[in-house]
Amino acid sequence: MRLLLAAALASVLAGAGLVADGPAATEHAEAAAGCRSYVASGDDVVAGRELDDNGKRFPEQLVEDHLKTPGWCLFNQGKNGVTTATYISSGPMSSAYTMRPDLHTITLGEQNKPAVDLIDSCLTKVKDHDFAGGTACATAVVANASLWSGMKGNYTTILNTDKIMAAQRPGLVVAVTGYANPYPRAEDVADEIVQLCVPLIDTIATCTARWAQLPAALLAIDQAFDKLNTTIKDSLVPFQSGPNGWRYVFVDVDPKFEDHCMTMKVQIKTKVTHPELSGQVHQHDSPTVDFGCSEEWWVEGSTGRALPSYLIPASPGVLTEWSQTTEGMGVMPNADGHQCIADAIWEADTIEPGTTPLKWKLGYGELSTTDYCQ
């Protein structure tokens with residue numbers, strides 16, 4: 001029986017990337033059989049999408065930096081594209097139950113349709129300078145009542161399962177994370193609009209008119225992320241009451257990411273022919289202007305190159321060549337972003353910051369702090 005248990009545990013640990021395959025696996029499994037179990041459930045963030053090193057994912061960093069090994073066994077079951085519904089229906093929820101965790105982190109909701117539009121189709125519209133389209137995209141997400149009611153209902157099912165788990169694991173702590181908004185903030189882009197458009201000379205007016213729509217798009221996207229995080233947080237409320245309410249923690253990561261948004265580096269190039277000046281051609285290029293944050297915590301995204309057809313020159317000039325590049329705009333956390341998520345989980349609390357952080361609930365007596373993610 002002991003060998004069967006060891007072999008089964010070896011298989012689980014190998015799948016989590018903690019134990020190498022081969023003859024040594026059983027030996028390591030036997031040594032780890034008494035460890036506390038940490039199950040990290042979730043979507044692309046937990047899976048470390050676009051990271052080049054799985055060791056930099058936040059569950060791995062949480063174990064390495066805070067929980068420490070030996071003593072804890074990690075099972076990272078994050079998978080790209082998982083929604084709250086597919087987590088329930090396709091196996092991860094029952095798998096997490098089987099692992100009998102002492103710590104269970106859950107990161108779900110951003111991949112739900114159409115919430116995923118915030119980092120998909122809405123992103124494409126902003127990258128292509130279709131800011132009115134970006135506003136409409138994010139507004140539609142907020143207005144989709146079935147999205148939010150379905151997400152909350154799914155979370156109720158998920159947390160009820162964790163409640164059953166908690167009856168069997170008296171020390172179980174459940175940490176549900178929110179999501180960081182990767183976009184720049186609306187109030188931070190006014191100066192950059194001037195820097196981008198004024199050097200274009202012949203197309204200042206049309207450039208400014210288009211980019212003046214960017215703050216509204218960013219505000220709508222921010223409101224959508226607020227709705228996402230509020231829905232997730234509200235789903236925990238019924239479980240946070242009563243004598244076992246201490247088990248359920250909401251981890252609000254967004255405030256820590258505010259000054260570490262994506263980069264959004266834009267350059268526009270134009271050539272305008274002037275018939276009134278004997279056909280002279282004037283080239284006016286903007287500098288590369290970063291509408292985002294200089295110290296981002298996001299993996300760089302693909303470059304946008306959609307033709308800026310909104311650049312109509314002042315009469316009588318004729319626009320003959322025009323192009324743009326929009327670089328950065330990543331929506332998946334990089335290693336520093338994952339480090340911040342790990343730290344935020346460690347320090348998170350259900351009541352006032354610093355009173356009973358998660359690390360105390362797990363039996364770690366180190367001092368509490370709000371000075372993390374620096």
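Residues numbered from 1 in each chain as written. Predicted model: local features only at pLDDT ≥ 70, side-chain atom pairs only at ≥ 80, totals over all residues. Heavy atoms only, no water.

**Describing the packing of helix H4 (residues 58–67) against helix H14 (residues 335–347)**
Following both chains from N to C, one finds H4 and H14 inclined at 55°, their axes separated by 8 Å at the closest point. If you check the angle between H4 and H14, you find them oblique. Along this stretch, H4 crosses H14, giving a crossing that reads as right-handed. Note on element contacts: H14 touches H4 through Ala335, His338, Gln339, Ile341, Ala342, Asp343, Ile345 and Trp346, opposite Phe58, Gln61, Leu62, Asp65, His66 and Leu67. (Axes fitted to C-alpha atoms, helices over the stretch in contact; angles between N-to-C directions. Helix = DSSP H or I, 4+ residues; strand = E, 2+ residues; numbered from the N terminus. Parallel < 35°, antiparallel > 145°, perpendicular 65-115°, else oblique. Left-handed = near helix turned anticlockwise from the far one by under 90°. Contact = heavy atoms within 4.5 Å.)

**Overview of the state of the cysteines**
Taken as a whole and judged by the stated rule, the model has 5 disulfides. Disulfide partner of Cys197: Cys207, at an S-S distance of 2.1 Å. With the S-S bond torsion at -70°, the cross-link from Cys197 to Cys207 turns out left-handed. Residue Cys197 is found in helix H10 (residues 190–197), and its partner Cys207 is found in helix H11 (residues 204–211); the two are separated by 10 residues along the sequence. Under the relative-accessibility criterion, Cys197 is labelled buried at 1%. Across the disulfide from Cys340 sits Cys373; the S-S distance is 2.0 Å. (Disulfide = S-S within 2.5 Å. Buried < 20%, exposed > 50% of the residue type's maximum accessible area, 1.4 Å probe, protein only.)

**Focus on the pairing of strand S10 (residues 318–328)**
Sheet analysis places strand S6 (residues 264–274) next to S10, joined by 10 bridges and oriented antiparallel. Bridged to Thr273 within S10 is Val318. Pairing analysis gives 2 bridges linking strand S9 (residues 301–304) to S10, with the strands arranged antiparallel. Bridge assignment links Gly304 to a residue of S10, and that residue is Thr326. (Pairing = 2+ DSSP bridges.)

**Here we look at the environment of Tyr183**
Within the secondary structure, Tyr183 sits in the loop between strand S4 (173–177) and H10. With relative accessibility at 0%, the residue Tyr183 sits in the buried group. Each C-alpha atom of the pair Tyr183 and Leu219 lies 9.7 Å from the other, and the pair is 36 residues apart in sequence. Each residue touching Tyr183, except ones within four places of it in the same chain, is listed here: Leu118, Cys122, Leu123, Val126, Leu218, Ile221, Phe225, Cys261, Met262 and Met329. At 3.3 Å, the side chain of Tyr183 and the backbone nitrogen of Leu123 are in polar contact. (Polar contact = N/O pair within 3.5 Å; in protein donor to acceptor, adjacent residues only side chain to side chain.)

**A short note on the environment of Gln374**
Take Gln374: it is sitting in the segment after helix H15 (358–361). Take Gln374: its relative accessible area is 74%, and that puts it in the exposed class. Each C-alpha atom of the pair Gln374 and Asp336 lies 9.8 Å from the other, and the pair is 38 residues apart in sequence. One polar contact links Gln374 to Asp371, side chain to side chain, over a distance of 2.9 Å. At 3.3 Å, the side chain of Gln374 and the backbone oxygen of Tyr372 are in polar contact.

Just distances and angles here, no functional claims.
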